[in-house]
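What follows is each chain in one-letter form.
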Amino acid sequence: LRSSMILVGGPRHNSLAAEFLRESRDAGPRADVTLPDGGEQWFRVGPCTYSGPDRALVFTSPRRTAAGRLVLDLHLAGGGVGAMASLARFSFSVSQALTRAPFSNLVPDYLVAGPDYQWKGYGGLEAAGFWGNDFEWRGDA
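Okay, so let's go over this structure. (Residues numbered from 1 in each chain as written. Predicted model: local features only at pLDDT ≥ 70, side-chain atom pairs only at ≥ 80, totals over all residues. Heavy atoms only, no water.)

**Considerations on helix α2 (residues 81-88)**
Along an α-helix, a turn takes 3.6 residues, which lines up residues three or four apart on a common side.
Thought 1: Buried residues of α2: Ala-83, Met-84, Ser-86 and Leu-87, and no others. Considered in projection along α2, the buried side chains sweep an arc of 160° and stay on one side of the axis. (Buried < 20%, exposed > 50% of the residue type's maximum accessible area, 1.4 Å probe, protein only. Helix = DSSP H or I, 4+ residues; strand = E, 2+ residues; numbered from the N terminus. Arc of directions from axis to C-beta.)

Set out below in structure tokens:
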């Protein structure tokens, strides 16, 4: 595939996401994220592990195309469908159809939503941040 993708579901639900994540390990920079391929309900961002069906993660990750071009994919994964759906809703404008959400140009490279995200909004985030220059996790970003 030659262009950026939005991938919903981790490796256990989405075979394309599994393929992209597997290929990105050997193709240069990759996001510092670990997603299980089995039925486990956990994921890791940098040194931090999150578990449970009520947690979700959205993150950007580079991918090298067959032509050698780097593109940026957006991944949405997590322990449960409800948590992923809640996190997907954050990026849409609630005021007017077909408009960009306010401050969407300031959205971090990754967000981890916890069990309270659905009713607390951004107050229910457990982690958010920006990758380093090589898409590595940085505690100061």
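Back to the write-up after that little detour.
**Regarding the nonpolar core**
Thought 1: If you look at the biggest cluster of nonpolar residues, it comprises 15 residues, and the most contacted ones within it are Val-33, Leu-35, Val-45, Leu-57, Phe-59 and Trp-131.
Thought 2: Secondary-structure elements contributing two or more residues to this core are β3 (42-45), β5 (56-64) and β7 (110-113).
Thought 3: Counting residues in hydrophobic clusters, the runner-up holds nine residues, among them Val-58, Leu-76, Met-84 and Leu-87. (Core = buried A, V, L, I, M, F, W, Y, C linked by side-chain atoms within 4.5 Å.)

**A few points about the environment of Leu-125**
Thought 1: The residue Leu-125 is located in strand β8 (residues 125-129) in this model.
Thought 2: Considered as a pair, Leu-125 and Ala-113 are 12 residues apart in the sequence and their alpha carbons are 4.5 Å apart.
Thought 3: Among all residues touching Leu-125, those that are not within four sequence positions of it are Leu-87, Leu-111, Val-112, Ala-113 and Tyr-117. (Contact = heavy atoms within 4.5 Å.)

**A few points about the sheet that holds strand β1 (residues 6-8)**
Thought 1: What the five strands build is an open sheet, ordered β1-β6-β5-β7-β8; its pairing is mixed. Of all strands in the sheet, those bounded by a partner on one side alone are β1 and β8. The average undirected angle you get between the axes of adjacent strands in this sheet is 20°.
Thought 2: Strand direction decides the pairing type here: β5 and β7, joined by four bridges, are antiparallel. Of the residues in β7, the one forming a bridge with Ala-56 is Ala-113. (Pairing = 2+ DSSP bridges. Axes fitted to C-alpha atoms, helices over the stretch in contact; angles between N-to-C directions.)

**Observations regarding the sheet that holds β3**
Thought 1: Taken together, the three strands give an open sheet; going across it, the order is β2-β3-β4, and neighbouring strands pair in antiparallel fashion. Lying at the two open borders of the sheet, with one neighbouring strand each, are β2 (33-34) and β4 (48-51).
Thought 2: In the sheet, β3 pairs with β4 via four bridges, with the strands oriented antiparallel. In the sheet register, Trp-42 faces β4, and the bridge partner there is Ser-51.

**Overview of the pairing of β3**
Thought 1: What you see with β3 is a clean split: Phe-43 and Val-45 sit on the buried side and Trp-42 and Arg-44 on the side with no burial.
Thought 2: By the bridge criterion, two bridges tie β2 to β3 in an arrangement that is antiparallel. Opposite Thr-34, over in β3, you have Arg-44 as the bridge partner.
Thought 3: Where β3 folds back on β4, the antiparallel hairpin that results is connected by two residues, among which Gly-46 adopts a positive phi of roughly 60°.

**Comments concerning the side chain of Thr-60**
Thought 1: Looking at the element boundaries, Thr-60 is found in strand β5.
Thought 2: Excluding its chain neighbours within four sequence positions, the residues that come into contact with Thr-60 are Ala-31, Leu-72, Asp-73, Leu-74, Asp-109, Trp-131 and Phe-135.

**Quick word on a nonpolar patch on the surface**
Thought 1: A grouping of Ile-6, Val-8 and Leu-74 is seen on the molecular surface, where their side chains present a nonpolar patch of about 280 Å² in accessible area.
Thought 2: With respect to the helices, strands and loops of the structure, Leu-74 is situated in strand β6 (residues 70-78). (Patch = residues over 30% accessible without salt bridge, like charges linked within 9 Å, V, L, I, M, F, W, Y side chains within 5 Å. Areas by Shrake-Rupley, 256 points an atom, 1.4 Å probe, with all protein chains shown as cover. Salt bridge = Lys/Arg side-chain N within 4 Å of Asp/Glu carboxyl O.)

**Observations concerning unusual backbone geometry**
Thought 1: Even without a glycine there, the phi angle at Phe-135 is positive, about 65°.
Thought 2: Summarising the element assignment, Phe-135 is placed in the segment after β8.

**Remarks on the pattern of salt bridges**
Thought 1: Inspection of the entire model under this criterion finds five salt bridges.
Thought 2: Between Lys-120 and Asp-116 there is a salt bridge, and its shortest N-O distance comes to 3.8 Å.
Thought 3: By relative accessible area, Asp-116 is classed as partly exposed at 32%.
Thought 4: Arg-138 serves as the salt-bridge partner of Asp-140, at 2.6 Å between the closest nitrogen and oxygen.
Thought 5: Residue classification places Asp-140 among the exposed positions, given a relative accessible area of 60%.
Thought 6: Connected through shared salt-bridge partners, Asp-54, Arg-55 and Glu-126 make up one network.

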